[in-house]
Amino acid sequence: MTLFLGLGIAGVVLLLVTLVFDGVLEGLFGGAGVLDGLFDGLLSLPVIAGFVSMLGFGGALVLGTTGLGAGPATAVGIGAGAAAGGLTWRFSRALMRDEPSATPRGTDLVGSPGSVVTPIPVGGYGEVLVYLAGQPLKLAAKSPEAVARGTEVWVEESLSPTSVAVRPVQR
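In the nomenclature of an unreviewed UniProt entry, the protein chain is known as NfeD-like C-terminal domain-containing protein of Streptomyces ortus.

J.: What exactly am I supposed to notice about the nonpolar core here?
T.: Looking at soluble globular proteins, one finds that nonpolar side chains tend to be buried together. Of all hydrophobic cores here, the largest spans 13 residues; its most connected members are L109, I120, V128, V164 and V166. When contributions to this core are tallied by element, the ones reaching two or more residues are strand 2 (125-132), strand 3 (135-142), strand 4 (152-160) and strand 5 (163-168). At 3 residues, strand 2 tops the list of elements feeding residues into this core. Beyond its immediate sequence surroundings of up to four residues, V164 is in contact with L109, V128, L139, A140, A141, K142, V155, E157, S158 and L159.

J.: I would appreciate a short explanation of the packing of helix 1 (residues 2-21) against helix 3 (residues 45-65) in the present structure.
T.: Each pair of packed helices can be summarised by the angle the axes make with each other and by the distance between the axes. Viewed as axis vectors pointing N to C, helix 1 and helix 3 meet at an angle of 155 degrees, and their least axial separation amounts to 7 Å. Here helix 1 is positioned roughly antiparallel relative to helix 3, judged by the angle of their axes. Crossing hand, helix 1 versus helix 3: left-handed. Between helix 1 and helix 3, the contacting residues are F4, L5, L7, G8, I9, G11, V12, L14, L15 and T18 on the first element and L45, P46, I48, A49, V52, S53, L55, G56, F57, G59, A60 and L63 on the second. Class assignment for the residues of the contact of helix 1 with helix 3 results in 16 nonpolar, 6 polar and no charged.

J.: Teacher, can you tell me more about the side chain of S112 here?
T.: Along the polypeptide, S112 turns up in the loop between helix 4 (70-97) and strand 1 (113-118). Residue S112 is classed as buried on the basis of its relative accessible area of 9%. Only 2.9 Å separates the side chain of S112 from the backbone oxygen of L109, close enough to count as a polar contact. Apart from residues lying up to four places away in sequence, S112 is in contact with V130, Y131, V153, W154 and V155.

J.: Explain the packing of helix 3 against helix 4 to me, please; I cannot follow it from the model alone.
T.: Orientation of helix 3 relative to helix 4, taken along the N-to-C sense of each, is 150 degrees, at an axis distance of 7 Å. Every pair of crossing elements has a handedness; the one defined by helix 3 and helix 4 is right-handed. Considering only residue class, the contact of helix 3 with helix 4 consists of 15 nonpolar, 8 polar and no charged.

J.: What is the right way to read the environment of V13 from this model?
T.: Along the chain, the position of V13 falls in helix 1. The partly exposed category is assigned to V13, whose relative accessible area is 44%. Taking the C-alpha atoms as reference points, V13 and S53, separated by 40 residues in sequence, lie 8.9 Å from one another.

J.: I would appreciate a short explanation of the pattern of salt bridges in the present structure.
T.: All chains considered together, the criterion is met by 2 salt bridges. In this structure, the salt-bridge partner of E127 is K138, at a minimum N-O distance of 3.6 Å. One end of the pair, E127, is in strand 2; the other, K138, is in strand 3, with 11 residues separating them in the sequence. Ionic pairing is found between E156 and R167, a salt bridge with its closest N-O pair at 2.6 Å. A residue pair is termed long-range when its members are at least 10 positions apart, and E156 in strand 4 and R167 in strand 5 qualify at 11 residues. Of the residues examined, R167 reaches a relative accessible area of 36% and is grouped as partly exposed.

Reading the values: rules and limits
Residues numbered from 1 in each chain as written. Predicted model: local features only at pLDDT ≥ 70, side-chain atom pairs only at ≥ 80, totals over all residues. Heavy atoms only, no water. Core = buried A, V, L, I, M, F, W, Y, C linked by side-chain atoms within 4.5 Å. Buried < 20%, exposed > 50% of the residue type's maximum accessible area, 1.4 Å probe, protein only. Helix = DSSP H or I, 4+ residues; strand = E, 2+ residues; numbered from the N terminus. Contact = heavy atoms within 4.5 Å. Axes fitted to C-alpha atoms, helices over the stretch in contact; angles between N-to-C directions. Parallel < 35°, antiparallel > 145°, perpendicular 65-115°, else oblique. Left-handed = near helix turned anticlockwise from the far one by under 90°. Nonpolar A, V, L, I, M, F, W, Y, C, P; charged D, E, K, R; others polar. Polar contact = N/O pair within 3.5 Å; in protein donor to acceptor, adjacent residues only side chain to side chain. Salt bridge = Lys/Arg side-chain N within 4 Å of Asp/Glu carboxyl O.

Structure below.
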């Protein structure tokens, strides 16, 4: 029973160390490049940690709750470990394939409403607050006419990644 519990605890500790050091350990153990791409992540540390912890805790559970010996407890632990390792592998593959959303471009701002936070002088720059995909962006703004603080504006053109041309909303 002690051996099984020790394996379970060792697996949980390995998983915590893997999470805290995020890839540093895999770089140390995989630095030789011998296993690169060999099992498509089946030998990653989270998968091994899941296998070892479920082997230990599954074996301890069977040994402690039934009258079966160490052999059947080991067999059940190996089955539980294989299931946990397989699930960990599938979840990590799904997370790795997750596509990031497209990065917003300056042209995405054209036509967006905003409000002036720093007055815009004629021929000079002020600041506007524009919302893009629900996120506030504070940008430098230029306008052909003077625009007072608090005025609602429309973005007419993206001048650079941090500046836009605006016009006041006519009411």
